[in-house]
Amino acid sequence: MTPALKILIVDASPVRAAIIDEGLREAGFTDLVRMDATHGLVAAIEAHDPDVVVIDLEDPSRDALADMFLVSQHVKRPITMFVDQSDAASIEAAVEAGVSAYIVDGLKKERLKPILQTCISRFNAFRKLREELDEVRSQLDDRKLIDRAKGIVMRLKELPEEEAYALMRRTAMNEKRKLVEIARSIITAAEVLK
């Protein structure tokens, strides 16, 4: 993890913000931006474009967790949240909101660097899983379109499944297009000709 990271610190308490600031600076991080409320966090993240967001809330309210959910939906960043008190519902809400590291009663400047490293690693691992899931879903959707188009070709041309698929593949190769594009064209044409 490089100290060149830009870190946005969100903390209403000047004393606690100073602990975070000092701990990050001692760990070698110098590009720090601070704001004192979670309201307007999406706009602040867009304006400052931080690599990581560190949030300190003594007792996270439902509104603060709702703000975190909005942030995680709009701007994908690793988020570390420090709280003094928590319960199971708050932890679950924070995780669902996209918080990568939820630290209860653990705000100590010497712990900031390893916590930040863990937060970033966890965020990257989940991002990779999300990308893989999106890719698998896309492939499944493509497969469904191809199967639907193959059924149309089988019915209209009175071909067995293998020949219908081979015809679609040849067409895709001849036109230098993807098989799923040919499938979409077949489905669109069939819809128009109904």
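Just so it is clear, the structure is predicted and the values come from calculations on it, not from any experiment.

Reading the values: rules and limits
Residues numbered from 1 in each chain as written. Predicted model: local features only at pLDDT ≥ 70, side-chain atom pairs only at ≥ 80, totals over all residues. Heavy atoms only, no water. Salt bridge = Lys/Arg side-chain N within 4 Å of Asp/Glu carboxyl O. Helix = DSSP H or I, 4+ residues; strand = E, 2+ residues; numbered from the N terminus. Buried < 20%, exposed > 50% of the residue type's maximum accessible area, 1.4 Å probe, protein only. Pairing = 2+ DSSP bridges. Right-handed = clockwise from strand over helix to strand, strands pointing away. Patch = residues over 30% accessible without salt bridge, like charges linked within 9 Å, V, L, I, M, F, W, Y side chains within 5 Å. Areas by Shrake-Rupley, 256 points an atom, 1.4 Å probe, with all protein chains shown as cover. Lys, Arg positive; Asp, Glu negative; His and termini not counted. Charge placed at Lys NZ, Arg CZ, Asp CG, Glu CD. pLDDT = per-residue confidence, 0-100.

Participant: Run through the pattern of salt bridges, naming residues and quoting values.
Facilitator: Per the stated rule, a full pass over the model turns up 13 salt bridges. Residue E191 pairs with R148 through a salt bridge whose shortest N-O separation is 3.0 Å. Taken together, the residues E191 in helix α7 (residues 179–192) and R148 in helix α5 (residues 112–157) connect sequence positions 43 residues apart. Exposure remark for E191: the relative accessible area of 39% places this residue in the partly exposed category. When salt bridges that share partners are traced, they join R143, D147, K150 and E161 into one network.

Participant: I'd like a rundown of the pairing of strand β2 (residues 31–35), residues and numbers included.
Facilitator: Note that strand β1 (residues 6–11) and β2 share five bridges and pair parallel. Looking at the pairing, I7 lines up with L32 of β2. Between β1 and its parallel partner β2, the chain crosses via helix α1 (residues 14–26), and the hand of that crossover is right-handed.

Participant: Just give me the short version of a negative patch on the surface, but keep the residues and values in it.
Facilitator: Judged by side-chain charge, E131, E132, D134 and E135 come together as a negatively charged surface patch. The topology assignment puts E132 in helix α5. By relative accessible area, which is 41% here, E132 ends up partly exposed.

Participant: Kindly report on the confidence of the model for the chain, identifying the contributing residues and their values.
Facilitator: Per-chain confidence: the chain averages 86 in pLDDT, with 90% of residues scoring 70 or above. Least confident of the elements in the chain is helix α3 (residues 62–74), whose mean pLDDT is 67; most confident is helix α6 (residues 161–174), at 96.

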